[in-house]
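# Notes for the structure review
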Amino acid sequence: MYELYITRRSPFARRVRLALQRLDIKYLEKETDVFEPAPEFLQRNPLGLIPVMTLSDGTHLPDSNTILEYLDDAHPGQIWPTDSAAERVLVRQASTWATGVMTASVALFLEKKRKAADSEWLEEHSSVILETLAALDKSATLRADRMTQASWDLGVALEYLDLRTPELPWRKDFYRLESILLACRKHSAFIKTSPGSA
């Protein structure tokens, strides 16, 4: 059985947890304090970042992208589409942008926690998030009636924004993206992996 090192509110860990549950793969979750990581965890990933998935042979896979690549190799077509190379590229593009929104949102949250938060930096990162959402809003591969890995990643990114940066007015301009989030919220795996309230 896989062991998955997580924090409940990490969007990166959540995208892996979602994939494992959608694939009906049994795994053991190990909650980790990334601000005070245990030596055991640092042996698995000296970067101190989550998620990390430990395989049955003892191999440790760091980073959500690496883990999803492994799962796609083990379950072809279940993570990334195999219908055509062109479709696969578009889904990967949208997934990368959605994951980038997660990265920028985490950085924004951590900066806001600083006593002397840089307001210009915060404004710049907020703009990057909104510009990336605008690009995602134009992506033809993102549809509420046909969920892909990019759709799940977008749902995770948007829910993390709501959790950590509720003041960012993304809904005002991106109704189509909200419809994909609502589609995600109909699935039990998405509900089970919810990060909860702030």
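The structure we're discussing is the one just above.
Predicted model only: the values in this text are computed from it and were never measured.

Helix and strand counts for the protein chain stand at eight helices and four strands. Each helix and strand of the protein chain, ordered N terminal to C terminal, gives the series β-α-β-α-β-β-α-α-α-α-α-α. Projected onto the principal axes, the alpha-carbon positions of the protein chain cover approximately 45 × 45 × 25 Å. Here the protein chain holds 198 residues, and the buried ones make up 46% of them. Across the protein chain, contacts joining residues at least 24 apart in sequence account for 64% of those joining residues at least 6 apart. Entry remark: accessible area of the protein chain is about 10200 Å², with carbon and sulfur atoms responsible for 53%. Side chains of the protein chain give 25 positive and 28 negative charges; the mean places of these two sets differ by 5 Å.

Take the pattern of salt bridges next. As enumerated under the stated definition, the model contains 21 salt bridges in all. A salt bridge links E29 to R8; its shortest N-O distance comes to 2.8 Å. In this pair, E29 sits in strand 2 (residues 27–31) while R8 sits in the loop between strand 1 (2–6) and helix 1 (11–22), placing the two residues 21 residues apart along the sequence. Overall, the relative accessible area of 23% leaves E29 in the partly exposed class. Under the relative-accessibility criterion, R8 is labelled partly exposed at 35%. The partner of R143 in a salt bridge is D145, and the shortest N-O contact between them spans 3.0 Å. For R143, a relative accessible area of 37% translates into the label partly exposed. You can call D145 exposed: its relative accessible area is 63%.

Analysis parameters
Residues numbered from 1 in each chain as written. Predicted model: local features only at pLDDT ≥ 70, side-chain atom pairs only at ≥ 80, totals over all residues. Heavy atoms only, no water. Helix = DSSP H or I, 4+ residues; strand = E, 2+ residues; numbered from the N terminus. Buried < 20%, exposed > 50% of the residue type's maximum accessible area, 1.4 Å probe, protein only. Contact = heavy atoms within 4.5 Å. Areas by Shrake-Rupley, 256 points an atom, 1.4 Å probe, with all protein chains shown as cover. Lys, Arg positive; Asp, Glu negative; His and termini not counted. Charge placed at Lys NZ, Arg CZ, Asp CG, Glu CD. Salt bridge = Lys/Arg side-chain N within 4 Å of Asp/Glu carboxyl O.

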